[in-house]
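# Chains, contacts and geometry: an overview
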Amino acid sequence: MQSYISLTTELIIGFFALLILSKVLGKNQITQLTPFDFISALVVGELLGNAIYDESINLVYVLYAIFIWGSLIYSIEMITQKFRFTRGLLEGSPSIIIAKGRIQYDELRKNKLDLNQLQHLMREKGVFSIREVQYGILETNGTVNIQRKQAYNTPINQQLEIHEEEPSLPVPLIMDGEIIYDGLKQINRTEEWLKKQIEDRGFLSHRAIFYAEWLDDQPVYMQNYSP
């Protein structure tokens, strides 16, 4: 019984330690995961795993190690934010692997990237042929961003002379059969107004609605639980 209590305590402490670490380091550790960030995540996980499954290692000792490791990562983030010249050294820099429609062999070799991997990264961007690409940039997190040739590029509203309208964000009003009161407050509507919208659509109650959202100058979108 004592071992279960000890394991539970260690898991709870480790969970909140990693939660605090992720909050301190910020969202960019997830959205811009570089190879070094990936290795750092493995190291932190291994440190916590040792504390949980190795009885000879004290949890306080491991939490101290996580604190030091997190402090080092945080320090690197602060340095790269304040000193621009350190970013290329510590974070790496993007590489132009396709220039003016031609694959740059030397850049591929320098970044340990072969043609099959390049094709895979291009297909992730919806590009299936090199002939469509004007420029391709390999980012520091391993993704490739593509600039298409003009002949294959999608026309923009300005080119089509479409009247400019201010875009708006949709506001959820019902989720999983529950009314989102913050959403109603955001669009300055009342619960009675929402019930009227529900009745007009032929629903008996908001509980029958899986999802509903509001968008400027559009009818309220509603979807029930039926497939």
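Below is a short write-up of the structure. Worth saying up front: this structure is predicted, and the values here are computed from it rather than measured. (Residues numbered from 1 in each chain as written. Predicted model: local features only at pLDDT ≥ 70, side-chain atom pairs only at ≥ 80, totals over all residues. Heavy atoms only, no water.)

## Things to note about the sheet that holds strand β4 (residues 144-148)
Across a sheet, strands are paired by hydrogen bonds formed along the backbone, either parallel or antiparallel in direction. Across the sheet, four strands lie side by side as β2-β1-β3-β4; this open sheet has antiparallel pairing. Sheet topology places β2 (102-103) and β4 at the edges, where each strand pairs with a single neighbour. Strand direction decides the pairing type here: strand β3 (residues 133-138) and β4, joined by five bridges, are antiparallel. What sits directly across from I137, in β4, is N145. Taken strand by strand, helix α7 (residues 115-124) contacts β1 (95-99), β2, β3 and β4, and its axis lies near 85° from that of β1. (Pairing = 2+ DSSP bridges. Helix = DSSP H or I, 4+ residues; strand = E, 2+ residues; numbered from the N terminus. Contact = heavy atoms within 4.5 Å. Axes fitted to C-alpha atoms, helices over the stretch in contact; angles between N-to-C directions.)

## Notes on the pattern of salt bridges
This structure, assessed with the given rule, holds five salt bridges. Here K110 and E107 are joined by a salt bridge, their closest N and O atoms 3.3 Å apart. Of this pair, K110 and E107 both sit in helix α6 (residues 105-110), three residues apart, which is roughly one turn of the helix. Residue classification places K110 among the exposed positions, given a relative accessible area of 54%. Across the pair E191 and K195 runs a salt bridge whose closest N-O atoms are separated by 3.7 Å. Of this pair, E191 and K195 both sit in helix α10 (residues 191-200), separated by four residues, roughly a single helical turn. (Salt bridge = Lys/Arg side-chain N within 4 Å of Asp/Glu carboxyl O. Buried < 20%, exposed > 50% of the residue type's maximum accessible area, 1.4 Å probe, protein only.)

## Remarks on α10
Those residues of α10 not exposed but buried are L194, Q197 and I198. Along the axis of α10, the buried residues cluster in a sector spanning 100°; they form a single face. Within α10, the exposed residues directed more than 90 degrees away from the buried face are E192, E199 and D200. Residues of α10 that are buried make contact with β5 (171-175), β6 (178-179), α9 (181-186), β7 (209-214) and β8 (221-224). Note on α10: the residue one or two positions beyond its end, G202, has a positive phi of about 90°. (Arc of directions from axis to C-beta.)

## Describing the environment of W193
Relative to the assigned elements, W193 resides in helix α10. Given the relative accessible area of 22%, W193 is considered partly exposed. Discounting chain neighbours no more than four positions away, the residues touching W193 are L173, L184, I187, W214 and V220.

## Quick notes on the side chain of S129
Checked against the element boundaries, S129 lands in the loop between α7 and β3. On the basis of relative accessibility, which here comes to 18%, the residue S129 falls in the buried class. A distance of 3.1 Å separates the side chain of S129 from the side chain of R131, its partner in a polar contact. (Polar contact = N/O pair within 3.5 Å; in protein donor to acceptor, adjacent residues only side chain to side chain.)

## Digging into the side chain of S95
In this fold, S95 is placed in strand β1. Among the polar contacts made by the side chain of S95, one reaches the side chain of N111 at a distance of 3.3 Å. For S95, the residues in contact, after removing those within four places along its chain, are E107, N111, G136, I137 and L138.

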